[in-house]
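# Fold and geometry: a report
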2 protein chains.
Amino acid sequence: MPKNDKVSISVIRRLPRYYRYLGELLQKEVNRISSRELAQLMNLTASQIRQDLNCFGGFGQQGYGYNVAMLRDEIGSILGINNNHKTIIIGVGNLGKAVATYVNFEKLGFELIGAFDIDPSIHGTAVRGVTVTTPDNIKDFCEKNSPSVAILCIPRLAAKEIVSDLIEYGIKGFWNFSQYEIRLEHEDVVVENVHLADSMMTLSYRVSTLKQS
Amino acid sequence: MPKNDKVSISVIRRLPRYYRYLGELLQKEVNRISSRELAQLMNLTASQIRQDLNCFGGFGQQGYGYNVAMLRDEIGSILGINNNHKTIIIGVGNLGKAVATYVNFEKLGFELIGAFDIDPSIHGTAVRGVTVTTPDNIKDFCEKNSPSVAILCIPRLAAKEIVSDLIEYGIKGFWNFSQYEIRLEHEDVVVENVHLADSMMTLSYRVSTLKQS
């Protein structure tokens, strides 16, 4: 559990990376690691690592380093991966289907319980064991099943139309793959954006600049 | 063109967002905008915007604001979206197919010219007009066609195995969807990561913390 409520977002964004590296170490049967060694591996400084982990109460023993399995479990539990957030996906086209199939929901703290798409030709088909149905059913579905997270794999304008409804239906977190930038006036709702086009344009810039040099 | 070669990565990462917002303004037929108005829209400060754009030589006229179309074109050209980087995709499973189909390559400065997958059952099928073939052909293909960018939609271990070969074959930029963290010793190669699991774990944390409060 966090020592204080206001852990900075940049620390939080590093936690999944710790989690990933510690998982790799476990696979290699490394059971104990010093902050210095972990720092080297992750291309951070040892003091950075100690600072990050101190935000949540430490976990290391002076001179003994970290117990890899224990630290990984602690970070996982901080990240809430045991929380099974009930999740719906809006948009089950190519992208939605890939996200639903590819991402390991259960291991990351989510449970997919609903899937919605405007395309009637895919209604009744299943994605990750969940039957795709019309968005007309979202309101009813949310009332009955209280999902807390929505994954948006729909175009910008469709997203713009649906976001405030979803918040009204009780959605607290958005995993947003749409180009629509959700500007929230609600303090009790969070958005995690995956702007693929932005990422690709950044790559374009960086590759272009390489070529110039 | 950049005024200096060392524009910080955080400025660069903001450029696609400017590009997106300016595109939206154009669609609404807004032709001119002050840094103050743009700042309000994007939830930045006006001085931040002026600073960002000054890295590339300005573009605004004191007291007149920015010409939206011109500024968008300039940013697009800085981002290299007219450069048509020759691109190959490695891994055409669910995720690779979604990335290839969903992302608007041509508009973002890329041209998909090759697609590779180890699964023989999809060899000969097409993705975005490109025929999927075996990874055994990558070396030959690169020698003949000189792609500069590779999109990795393969598992961690597969990525680990192939990255250094790809660099040897002339790949300069990676769009990395694999869980593998590419640690580059090559200064003339760039990596843009899309770690979907990290993003989802961050969301899990943020939704979990909401619930506690």
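Residues numbered from 1 in each chain as written. Chains lettered and ligands numbered in written order. Predicted model: local features only at pLDDT ≥ 70, side-chain atom pairs only at ≥ 80, totals over all residues. Heavy atoms only, no water.

## Some words on the overall build of chain A
- The helix and strand tally for chain A stands at eight helices and nine strands.
- Here chain A holds 213 residues, and 51% of them are scored as buried.
- Counting only contacts in chain A whose residues sit at least 6 apart along the sequence, the fraction spanning at least 24 positions is 57%.
- As displayed, chain A has an accessible area near 10,300 Å², and 47% of this comes from carbon and sulfur atoms. (Helix = DSSP H or I, 4+ residues; strand = E, 2+ residues; numbered from the N terminus. Buried < 20%, exposed > 50% of the residue type's maximum accessible area, 1.4 Å probe, protein only. Contact = heavy atoms within 4.5 Å. Areas by Shrake-Rupley, 256 points an atom, 1.4 Å probe, with all protein chains shown as cover.)

## Some thoughts on the pairing of strand S6 (residues 130–133) of chain A
All names here are of chain A.
- Here strand S4 (residues 110–116) runs beside S6; their pairing, made up of two bridges, is parallel. Across the sheet, residue Phe116 finds its bridge partner in S6, namely Thr133.
- Bridge count for strand S5 (residues 126–127) against S6 is two bridges, and the pairing is antiparallel. Within S6, the position partnered with Val127 by the bridge is Val130. (Pairing = 2+ DSSP bridges.)

## Notes on the relation of the copies chain B and chain A
- Each copy superposes on the other: chain B lies on chain A with an RMSD of 0.0 Å after a rotation of 180 degrees and an axial shift of 0.0 Å. This pairing of chains is accounted for by a two-fold axis. Ranked by how close their C-alpha atoms come to the rotation axis, the residues of chain B are headed by B:Ala98, at 3.0 Å.
- Mapped onto chain A, 100% of the interface residues of chain B are again interface residues, and the two copies thus contact each other with one and the same surface. (Least-squares fit on C-alpha atoms with pLDDT ≥ 70 in both.)

## Comments concerning the nonpolar core
- Formed by 108 residues in total, the largest nonpolar core has its most connected members in A:Trp175 and B:Trp175.
- In this view, A:Trp175 contacts A:Val99, A:Val103, A:Ala150, A:Ile151, A:Leu152, A:Glu192, A:Val194, B:Leu196, B:Ser199, B:Met200 and B:Leu203; residues no more than four positions away in its chain are not counted. (Core = buried A, V, L, I, M, F, W, Y, C linked by side-chain atoms within 4.5 Å.)

## A look at helix H7 (residues 156–168) of chain B
- With 13 residues, H7(B) ought to run about 18 Å at 1.5 Å a step, and its terminal C-alpha atoms sit 19 Å apart, in line with that.
- Its axis deflected by about 35 degrees at B:Ile162, H7(B) carries its strongest bend there.
- When H7(B) is considered as a whole, its buried residues turn out to be B:Arg156, B:Ala159, B:Ile162, B:Val163, B:Leu166 and B:Ile167.
- Residues of H7(B) that are buried in the fold lie against helix H1 (9–27) of chain A together with strand S3 (85–90), helix H6 (138–145), strand S7 (149–152) and strand S8 (173–176) of chain B. (Expected span 1.5 Å × (residues − 1). Bend = angle between axes of the 7 residues up to and from the residue.)

## Quick notes on the interface of chain B and chain A
- Counting from both sides, the interface comprises 66 residues of chain B and, opposite them, 66 residues of chain A.
- Per-residue buried area on chain B facing chain A is highest for B:Met200, B:Met201 and B:Tyr205; these three make up 13% of the total on that side.
- For the pair chain B and chain A, the number of links is 10 salt bridges.
- A salt bridge links A:Arg206 to B:Glu192; the shortest N-O distance between them is 3.1 Å.
- Counting every contact that joins chain B to chain A gives 29 residue pairs in polar contact (both at pLDDT 80 or more).
- Those elements that provide at least two residues to the side of chain B that touches chain A are helix H1 (9–27), helix H4 (68–79), helix H5 (94–102), S7, S8, strand S9 (190–193) and helix H8 (196–212) of chain B.
- For the side of chain B that touches chain A, the element with the most residues is H8(B), which contributes 16 residues.
- Among the residues forming the side of chain B that touches chain A, the class breakdown is 37 nonpolar, 15 polar and 14 charged. (Buried area = accessible area lost by both parts, 1.4 Å probe. Salt bridge = Lys/Arg side-chain N within 4 Å of Asp/Glu carboxyl O. Polar contact = N/O pair within 3.5 Å; in protein donor to acceptor, adjacent residues only side chain to side chain. Nonpolar A, V, L, I, M, F, W, Y, C, P; charged D, E, K, R; others polar.)

## Section: the packing of H1(A) against helix H3 (residues 46–54) of chain A
All names here are of chain A.
- Where H1 contacts H3, the two axes come as close as 11 Å, and the packing angle between them is 105 degrees. Viewed along their axes, H1 and H3 adopt a mutual orientation that is roughly perpendicular. Of the residues in H3, those in contact with Val11, Arg14 and Tyr18 of H1 are Gln48, Ile49 and Asp52.
- Here the contact of H1 with H3 is built from residues that sort into three nonpolar, one polar and two charged. (Axes fitted to C-alpha atoms, helices over the stretch in contact; angles between N-to-C directions. Parallel < 35°, antiparallel > 145°, perpendicular 65-115°, else oblique.)

## Quick look at the layout of surface pockets
- Estimates place the volume of the second largest pocket at around 720 Å³.
- Together, 19 residues line the second largest pocket, and A:Arg20, A:Asn104, A:Lys107, B:Gln179 and B:Ala197 are the ones closest to its centre.
- It is H1(A) that contributes the most residues to the lining of the second largest pocket, five residues altogether.
- Residue composition of the lining of the second largest pocket, by class: nine nonpolar, five polar and five charged. (1 Å grid on protein atoms, 1.4 Å probe; cavity = no way out; pocket = protein on both sides within 12 Å on 5 of 7 lines; lining within 4 Å. Points joined across faces, edges and corners; volume = space filled by probe spheres on them.)

## Some remarks on the sheet that holds strand S4 (residues 110–116) of chain B
Residues and elements named next belong to chain B.
- Strand order in the open sheet made by the seven strands is S5-S6-S4-S3-S7-S8-S9, with mixed pairing throughout. A single partner strand is all that each edge strand has here, and the edge strands are strand S5 (126–127) and S9.
- Each of S3 and S4 is contacted by H6, which is oriented at about 155 degrees to S4, the strand it contacts most.
- Most of the contacts of H7 go to S7, to which it runs at about 175 degrees, and overall it touches S3, S7 and S8.

## Things to note about the side chain of A:Thr202
All names here are of chain A.
- For Thr202, the position within the fold is in helix H8 (residues 196–212).
- Owing to a relative accessible area of 2%, Thr202 belongs among the buried residues under this scheme.
- From its side chain, Thr202 meets the backbone oxygen of Asp198 in a polar contact 2.8 Å long.

## A look at the side chain of B:His195
- Mapped onto the secondary structure, B:His195 falls in the loop between S9 and H8.
- In this view, B:His195 contacts A:Arg20, B:Asn176, B:Ser178, B:Gln179, B:Tyr180 and B:Glu181; residues no more than four positions away in its chain are not counted.

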